[in-house]
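Structural overview for review
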Amino acid sequence: MRLVVDLNRCQGYAQCAFLAPEVFTMHGEESLVYSPWAGDEHREKVARAVAACPVQAITADGLDGAAGAPAGAGRAAFDAR
């Protein structure tokens, strides 16, 4: 699945890094580093990370239907602008 993080929106709360450390990591206190591609084995953790982002900065293509993912969790998180 393809991941995009709006780094202008990201505030460094690190919920994604806590929930899916194989995909998201913090470099220092405020800089997020992430893999733009995540395998299916990370689907549930990524779904939780997308849902937990307080500023909805993470978009994941192909996430709909993942266990624990809220409806529409994989859709663009940028609609609220």
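Scroll up to find the structure.
Fair warning: this is a prediction, and the values are worked out from it, not measured in the lab. (Residues numbered from 1 in each chain as written. Predicted model: local features only at pLDDT ≥ 70, side-chain atom pairs only at ≥ 80, totals over all residues. Heavy atoms only, no water.)

**Topic: the pattern of salt bridges**
Counted under the stated rule, the structure contains 4 salt bridges. Residue Lys45 is joined to Glu22 by a salt bridge in which the shortest nitrogen-to-oxygen separation is 2.8 Å. Taken together, the residues Lys45 in helix H2 (residues 43–52) and Glu22 in the loop between helix H1 (15–19) and strand S2 (24–27) connect sequence positions 23 residues apart. Judged by relative accessible area, Glu22 falls into the partly exposed class, the value being 43%. (Salt bridge = Lys/Arg side-chain N within 4 Å of Asp/Glu carboxyl O. Helix = DSSP H or I, 4+ residues; strand = E, 2+ residues; numbered from the N terminus. Buried < 20%, exposed > 50% of the residue type's maximum accessible area, 1.4 Å probe, protein only.)

**Looking at the state of the cysteines**
Under the defined criterion, the tally for this structure stands at 0 disulfides. The cysteine Cys16 is free of any disulfide, with Cys10 supplying the nearest cysteine sulfur at 6.3 Å. Cys16 sits in the buried class, given a relative accessible area of 8%. (Disulfide = S-S within 2.5 Å.)

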